[in-house]
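A structural walkthrough
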Amino acid sequence: MARVLSNMLFKGFRSMEYTRATASASGSFLQHGMRFSTSVPNDPDTHDDFKPTNKLESSEITLKDIVEQDVKENHVMIYMKGDPEQPRCGFSSLAVRVLSEYRVPIGSRNILEDPELKNAVKAFSMWPTFPQIFINGEFIGGSDIILNMHQNGELKEKLKAKSSE
Amino acid sequence: MQLVVVKKLQRERIMGVTKEQVESALRSKLSPSHIEVIDTSGGCGASFKVEVVSEQFEGKRLLERHRMVNGALVEEMKDIHALSITKALTPDQWNKQQSQTSQPVA
């Protein structure tokens, strides 16, 4: 029951234009954390103490686990420079613009905020640059590939694959 | 944080990769029938745009082709900040594209 409720809550946030994955780790915490953190990270008035943190020394969860969870739980997941609302790089900005055309929820993480996460993502996908886009848990590529797939219709098909579930 | 960024930029400026280095690495590893490397960094050699046409791309998905290009530039990538692969085509695809652009459909 609790699981169902928290799933509903989670879905509610997923239906927002962008879902910002929190930096927290475990599944249950992610769902609870989401409730409080979605509106927080970009707020300039927020004190650092209240930001989600990646300090994982006390847990056994690795950065790789976080990446795996991100791409599993987010239909579309982008690791980028900056946020979807405020990209910090032309390529990341391009990728977000392309994905936004399809009006699907996008999970994102700003790799500029966390060099260790950045390295973990690079190792996970074996891809050297950002942005990196995952759809349905599958690594799709960077901005050149996403643009190419947008132009030839493949991206539409890829995104459809899930929504018909 | 700011300082790290500045240091990295300086390093790239000193270590900058040349267009010729990128081109020769791609030539030797992918034996392309057509290649174009454009330095988009404005001189510091940290940002490139490449077009590669190679038989080695035959039967491979775009993601794999891009991986091959990235793989050919592993050393150079350490000093390249941005690499845009605008084309990774087989000779057949390239010829088709060329004839399409030179003969607009009536």
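Up top you'll find the structure we're talking about.
Remember, predicted model here, so these are calculated numbers, not experimental data.

Tallying secondary structure elements over chain A gives 7 helices and 7 strands in all. The secondary structure elements of chain A, listed N-terminal to C-terminal, are α-β-α-α-β-β-β-α-β-α-β-β-α-α. In chain A, which comprises 165 residues, the proportion classed as buried is 47%. Residue pairs at least 24 apart in sequence account for 64% of intrachain contacts in chain A once pairs closer than 6 positions are excluded. Of the accessible surface of chain A, which amounts to about 9200 Å², a share of 53% is contributed by carbon and sulfur atoms.

Turning our eyes to something else, we now look at the pairing of strand β5 (residues 106-110) of chain A. All names here are of chain A. By the criterion of burial, β5 is predominantly enclosed, with 5 of the 5 residues buried. Alternating positions in β5 separate into two faces, I106, S108 and N110 on one and G107 and R109 on the other, with burial throughout. Bridge count for strand β2 (residues 76-80) against β5 is 5 bridges, and the pairing is parallel. Pairing of M80 across the sheet is with N110, part of β5.

Below, the discussion takes up the packing of helix α6 (residues 143-152) of chain A against helix α3 (residues 62-72) of chain B. For any two helices packed against each other, one specifies the inter-axial angle together with the distance between the axes. Relative to each other, α6 of chain A and α3 of chain B sit at 155°, their axes nearing to 11 Å. The orientation of α6 of chain A with respect to α3 of chain B, classified from their angle, is roughly antiparallel. As α6 of chain A runs across α3 of chain B, the sense of the crossing is right-handed. Across the interface between the two elements, D144, I145 and N148 of chain A from α6 of chain A touch L62, L63 and H66 of chain B from α3 of chain B. Broken down by class, the residue content of the contact of α6 of chain A with α3 of chain B amounts to 3 nonpolar, 2 polar and 1 charged.

Another aspect to go through is the interface of chain B and chain A. Of the residues lining the interface, 13 residues belong to chain B; the matching set on chain A comes to 15 residues. Both faces considered, chain B and chain A share a buried interface measuring about 1100 Å² in area, 60% of it formed by carbon and sulfur atoms. Among the residues of chain B in contact with chain A, L62, L63 and R67 of chain B are the three that bury the most area, contributing 38% of the side total. Taken together, the connections running from chain B to chain A amount to 1 salt bridge. Linking R61 of chain B and E138 of chain A is a salt bridge whose minimum nitrogen-to-oxygen distance equals 3.5 Å. Counting every contact that joins chain B to chain A gives 5 residue pairs in polar contact (both at pLDDT 80 or more). Counting residues per element, the side of chain B that touches chain A draws most heavily on α3 of chain B, at 5 residues. Of the residues that constitute the side of chain B that touches chain A, the class distribution is 7 nonpolar, 4 polar and 2 charged.

This part takes up unusual backbone geometry. Cis geometry is adopted by the peptide bond preceding P131 of chain A, which originates at F130 of chain A and carries an omega value of 10°. Phi at M126 of chain A is positive, roughly 50°, even though this residue is not glycine. Here M126 of chain A is to be found in the loop between α5 (115-125) and β6 (132-135). Here M126 of chain A falls in the exposed class, since its relative accessible area comes to 64%. The phi dihedral of S31 of chain B is positive, around 30°, even though this residue is not glycine.

Residue and element names in this part refer to chain B. With 12 residues, helix α2 (residues 19-30) extends 16 Å between its outermost C-alpha atoms, agreeing within 8% with the 16 Å of an ideal straight helix rising 1.5 Å per residue. The set of residues buried in α2 consists of V22, E23, A25, L26 and L30. Taken down its axis, α2 places every buried residue within 165° of arc, on the same side. Away from its buried face by more than 90 degrees, α2 exposes E20 and S28. For α2, the elements touching its buried residues are β1 (34-39), β2 (47-53), α3 and α4 (74-77).

Next up on the list: the environment of A25 of chain B. Among the secondary structure elements, A25 of chain B is positioned in helix α2. Apart from residues lying up to four places away in sequence, A25 of chain B is in contact with A72, L73 and E76 of chain B.

All names here are of chain A. Within this structure, the stated rule accounts for 9 salt bridges over all chains. The partner of K158 in a salt bridge is E138, with the nearest N and O atoms 3.4 Å apart. With K158 in helix α7 (residues 154-163) and E138 in strand β7 (residues 138-141), this residue pair connects regions lying 20 residues apart in the sequence. K158 sits in the partly exposed class, given a relative accessible area of 25%.

About the criteria used
- Residues numbered from 1 in each chain as written.
- Chains lettered and ligands numbered in written order.
- Predicted model: local features only at pLDDT ≥ 70, side-chain atom pairs only at ≥ 80, totals over all residues.
- Heavy atoms only, no water.
- Helix = DSSP H or I, 4+ residues; strand = E, 2+ residues; numbered from the N terminus.
- Buried < 20%, exposed > 50% of the residue type's maximum accessible area, 1.4 Å probe, protein only.
- Contact = heavy atoms within 4.5 Å.
- Areas by Shrake-Rupley, 256 points an atom, 1.4 Å probe, with all protein chains shown as cover.
- Pairing = 2+ DSSP bridges.
- Axes fitted to C-alpha atoms, helices over the stretch in contact; angles between N-to-C directions.
- Parallel < 35°, antiparallel > 145°, perpendicular 65-115°, else oblique.
- Left-handed = near helix turned anticlockwise from the far one by under 90°.
- Nonpolar A, V, L, I, M, F, W, Y, C, P; charged D, E, K, R; others polar.
- Buried area = accessible area lost by both parts, 1.4 Å probe.
- Salt bridge = Lys/Arg side-chain N within 4 Å of Asp/Glu carboxyl O.
- Polar contact = N/O pair within 3.5 Å; in protein donor to acceptor, adjacent residues only side chain to side chain.
- Expected span 1.5 Å × (residues − 1).
- Arc of directions from axis to C-beta.

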